[in-house]
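The primary structure of each chain is shown beneath.
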Amino acid sequence: MAARRAAIAMALSVVGRYFATGLQPLTPQAALGHGDRSGRAEEGAPDALLDALRLRAGLAAARRIRLILERIASRATFRYELRPEESTGHVTGQLDVSRYLMRLGAVTDVPTYPVLTVRRTEHTPENVLAAYAARWILRELHTCVAAIRIPSTGPEHRRYQEERQALERALRLPWLIACAPAAAQVRHRRAERDLLASVKRRLHRREIANTAPYAELVDWVERVLAGEPVVDSGDLEWDFYDDRFDTRLFELWCLRMLAVGISRQLVVPVPDLDPGWRIDRPAYTWHQYAGSIELYFQRSLPRVAPGRRARWRRDDGTSLGGVPDMVIRAVRPDEPASERFAVIDPKLRQRGGPPAEELYKVLGYLDNFGLSSSPLGAILFQTTDTEDLTGYIYRAFSPEGGGADHGSDASGDGKLYAVRLNPAAPDASHIALAPLVTTVLGMLDIPRLDQYANEQPTNDEGERFYRAKQAELQACAATIPPQLLNQSRHRVRMALGDTRWQTLGGQTQAMLATAEHIGFSLLAGSDARQGMVDDYSGPVIGVCASIESVLHDCVITPATSHDTALHEDCGRATLGNVIRIIEDSLNGISNPQPKHLAVLAHLNAAGIDKDAVRDLVQPLRRISQNFRNPAAHRHVLTQQTWSRLWQIAVSEDRILARVIDAVAPPPYTGGGEEDGTERPPLSG
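So, a few notes on the structure that sits alongside this text. (Residues numbered from 1 in each chain as written. Predicted model: local features only at pLDDT ≥ 70, side-chain atom pairs only at ≥ 80, totals over all residues. Heavy atoms only, no water.)

Examining the nonpolar core
Item 1. Leu551, Ile623 and Val663 are the most contacted members of the largest nonpolar core, which has 68 residues in total.
Item 2. The dominant element in this core, judged by the number of residues it contributes, is helix H20 (residues 537–560), at 12 residues.
Item 3. Beyond its immediate stretch of four places on either side in the chain, leucine 551 contacts Ile556, Leu575, Val578, Ile582, Leu620, Val659 and Val663.
Item 4. With 53 residues, the next largest nonpolar core counts Tyr18, Ala283, Leu376 and Leu433 among its residues. (Core = buried A, V, L, I, M, F, W, Y, C linked by side-chain atoms within 4.5 Å. Buried < 20%, exposed > 50% of the residue type's maximum accessible area, 1.4 Å probe, protein only. Helix = DSSP H or I, 4+ residues; strand = E, 2+ residues; numbered from the N terminus. Contact = heavy atoms within 4.5 Å.)

This is the structure:
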């Protein structure tokens with residue numbers, strides 16, 4: 001039961017989309033369904049599932065609003081207001097002068113005086129919002145129950161009665177009764193957003209003492225009005241399907257786990273589920289610079305790749321088909337014929353050993369479609385273990401190597417995985433699934449980018465993404481055809497100057513050339529653009545990382561290498577922090593730290609022109625703020641942004657060349673191209 005609930009919680013968005021097609025067989029049950037006045041279930045009601053889901057959402061919402069109201073009731077807000085009243089015989093209170101003057105001269109049997117009295121009232125905007133939300137949920141419950149007519153013996157009916165009575169009792173509290181007329185007016189005038197704005201303004205001004213429950217209420221109502229799902233089904237059992245759905249649920253959970261696992265290793269958000277995933281589209285797609293990864297659910301290989309035909313056929317030409325639960329297709333943008341596939345089948349069966357029979361089925365499917373040369377397949381099967389989910393990996397050894405005993409290299413010959421998973425242990429399941437995900441990325445020669453992102457501990461997601469993009473560019477360099485990469489190398493070398501280019505380390509050269517190739521391939525709209533994300537953040541990061549590398553190699557590293565702790569601290573500095581360290585060192589701040597003294601000492605000892613370095617501070621800061629930071633924080637950068645950075649850093653303003661000229665140690669100077677002097681290369 002715990003595993004089932006965990007699987008539903010993990011794959012809730014996928015489960016909802018799966019049911020949205022209306023093609024799934026459902027089992028009517030007394031616990032949730034339509035019923036006539038005698039309590040008997042009605043057959044063939046087309047909206048039963050929709051009404052049931054709406055009721056579940058209403059019950060979960062009722063519980064949430066009830067808990068919020070309980071927290072508000074302990075310290076409900078109030079205010080004092082002046083109310084006009086009439087005092088008979090004598091003045092009791094503050095005389096309302098304006099009203100008194102208006103009736104002056106009027107003759108009455110008993111003298112009356114208009115006065116203003118101070119009264120405490122709970123009629124505040126936030127309490128009106130609470131009353132409005134409670135009345136809204138109560139109406140929703142009444143509507144749902146009237147539509148679905150749930151049997152009185154079902155758990156939903158009992159829960160409905162409990163929540164309805166609790167909300168009705170809450171609405172009879174004095175502080176909510178006072179707000180009922182105003183809440184009705186809000187609904188009548190459709191003034192919810194004006195009311196929300198008023199409450200948010202009071203929260204911002206700190207005019208509300210009991211902040212937390214009111215803030216939660218505002219956030220909830222605001223998200224509901226925006227159409228976002230904000231409640232779960234709670235602890236009630238999902239009774240609108242029977243136990244036969246558990247197999248499909250496990251498959252959908254595995255689909256979501258794979259999507260999350262791939263996204264984690266790529267250090268990107270999980271992509272949205274494609275609306276056409278149940279027809280002919282992949283469920284999830286990842287566009288990387290090395291290519292695209294497409295994850296299909298219940299699609300045969302011929303539907304994923306129409307060029308793939310089954311080898312085995314009957315005499316009448318009918319193919320031996322089969323539909324695996326998941327197919328992954330990886331293809332490079334500039335090599336459509338390079339597509340590779342992985343076939344993955346979840347099996348809701350607990351095993352004492354490897355699922356050999358199912359693995360043979362995967363092998364047979366791969367062979368039938370001509371994928372036996374370098375097969376990749378997996379069986380994902382359930383276990384009840386919660387800690388050690390060690391699975392099984394089989395490698396295909398080439399006949400020439402003679403098998404594992406002869407030391408053959410099987411890295412490119414194919415792999416089969418049997419992965420043990422437990423929905424009740426998601427963390428352990430992610431660890432168990434990681435080797436398979438890494439192999440999937442390897443179909444495009446993409447390494448585990450999360451390992452590079454986590455090399456240096458940080459809570460800054462922007463820096464993790466920045467390091468992951470650097471690693472992706474370095475890996476992408478190995479996949480670009482050598483002639484194309486050499487052309488990019490030549491263009492960058494000509495822009496920087498031969499001597500400056502030679503001073504850069506091998507990794508920096510490769511990163512610059514790769515950034516130039518990818519950036520201008522996207523810019524030119526070449527064939528390499530097909531299937532790639534139209535985002536220039538990767539090339540931008542490549543250029544910024546190259547500048548960062550030169551500053552570290554020529555200033556930070558030599559200045560702090562004498563002190564291990566100082567070197568480790570400054571070695572993690574980002575481009576913006578490096579610029580700040582250099583600027584503070586040059587300007588002589590009042591309380592210099594050891595890093596400032598070390599950098600200043602190095603600049604003096606190396607004979608570096610400090611004025612030239614100082615002139616570069618502002619241009620470098622603009623590069624950091626306008627290009628590096630947006631790229632690191634996953635902003636989608638346009639071609640104009642990329643073109644402008646390339647002009648500033650390489651082709652026109654030549655900031656990168658000026659940085660090398662300014663901070664390069666002797667014997668190199670900016671005149672090296674003319675006098676032929678050589679300079680030791682920077683580290684990679």
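Side note on the pattern of salt bridges
Item 1. In the structure shown here, the tally under the stated rule is 33 salt bridges.
Item 2. The salt bridge partner of arginine 202 is glutamate 207, with a shortest N-O separation of 3.2 Å.
Item 3. Residue class for glutamate 207 comes out partly exposed when judged on its relative accessible area of 38%.
Item 4. In this structure, arginine 491 and glutamate 516 form a salt bridge, with 2.7 Å as the shortest nitrogen-oxygen distance. (Salt bridge = Lys/Arg side-chain N within 4 Å of Asp/Glu carboxyl O.)

Details of the sheet that holds strand E1 (residues 79–88)
Item 1. Read from one edge to the other, the open sheet built from three strands follows the order E1-E3-E2, with strand pairing classed as antiparallel. Two strands in the sheet have a free side with no partner beyond their single neighbour: E1 and strand E2 (94–95).
Item 2. When E1 meets strand E3 (residues 112–121), the two strands line up antiparallel, connected through 10 bridges. Along E3, the bridge assignment pairs arginine 83 with threonine 117. (Pairing = 2+ DSSP bridges.)

Comments concerning the packing of aromatic side chains
Item 1. Tallied over the entire structure, the rule returns eight aromatic pairs.
Item 2. On the numbers, 5.0 Å between centres and 45° between planes, the contact of tyrosine 365 with phenylalanine 369 is tilted.
Item 3. A relative accessible area of 11% means that tyrosine 365 is categorised as buried.
Item 4. Considering the side-chain rings of phenylalanine 520 and tryptophan 642, the 5.5 Å spacing of their centres and the 70° angle between planes classify their relative orientation as edge-to-face. Remark: tryptophan 642 occurs in helix H25 (residues 639–651) and phenylalanine 520 occurs in helix H19 (residues 506–524); sequence separation between them is 122 residues.
Item 5. Classification of phenylalanine 520 as partly exposed rests on a relative accessible area of 29%.
Item 6. Using a relative accessible area of 0% as the deciding quantity, one classes tryptophan 642 as buried.
Item 7. An aromatic cluster is present here, built from Phe520, Trp642 and Trp646 joined pairwise through their rings. (Phe/Tyr/Trp six-rings, centres within 6.5 Å; stacked < 30°, edge-to-face > 60°.)

A look at the pairing of strand E8 (residues 376–382)
Item 1. Among the seven residues in E8, seven count as buried, and that is most of the element.
Item 2. On E8, burial covers both faces: Leu376, Ala378, Leu380 and Gln382 on one face and Gly377, Ile379 and Phe381 on the other are all buried.
Item 3. Pairing of E8 with strand E10 (residues 415–421) involves seven bridges; the strand directions are parallel. Its bridge partner being in E10, phenylalanine 381 is matched across the sheet by arginine 420.

Remarks on H25
Item 1. With 13 residues, H25 should reach 18 Å at 1.5 Å per residue; the first-to-last C-alpha distance of 16 Å falls well below that figure.
Item 2. Those residues of H25 lying buried are Trp642, Leu645, Trp646, Ile648, Ala649 and Val650. (Expected span 1.5 Å × (residues − 1).)

Brief notes about the environment of alanine 605
Item 1. Inspection of the secondary structure assignment puts alanine 605 in helix H23 (residues 594–605).
Item 2. Taking the relative accessible area as the measure of exposure, alanine 605 reaches 70% and is therefore exposed.
Item 3. For the pair formed by alanine 605 and alanine 559, sequence separation is 46 residues and the distance between their alpha carbons is 9.8 Å.

Digging into a nonpolar patch on the surface
Item 1. Nonpolar side chains collect at one region of the surface, where Val91, Leu95, Val97, Leu101 and Leu104 lie side by side and expose about 440 Å² of accessible area between them.
Item 2. You can see valine 97 is positioned in helix H4 (residues 97–102).
Item 3. Exposure remark for valine 97: the relative accessible area of 49% places this residue in the partly exposed category. (Patch = residues over 30% accessible without salt bridge, like charges linked within 9 Å, V, L, I, M, F, W, Y side chains within 5 Å. Areas by Shrake-Rupley, 256 points an atom, 1.4 Å probe, with all protein chains shown as cover.)

Re the environment of serine 263
Item 1. One can find serine 263 in helix H11 (residues 245–266).
Item 2. Given a relative accessible area of 1%, serine 263 falls into the buried group.
Item 3. Separated by 186 residues in sequence, serine 263 and leucine 449 place their C-alpha atoms 9.9 Å apart.
Item 4. Beyond its immediate chain neighbours, meaning those up to four positions away, serine 263 contacts Val268, Pro269, Val270, Pro271 and Trp286.
Item 5. From its side chain, serine 263 meets the backbone oxygen of alanine 259 in a polar contact 2.9 Å long. (Polar contact = N/O pair within 3.5 Å; in protein donor to acceptor, adjacent residues only side chain to side chain.)

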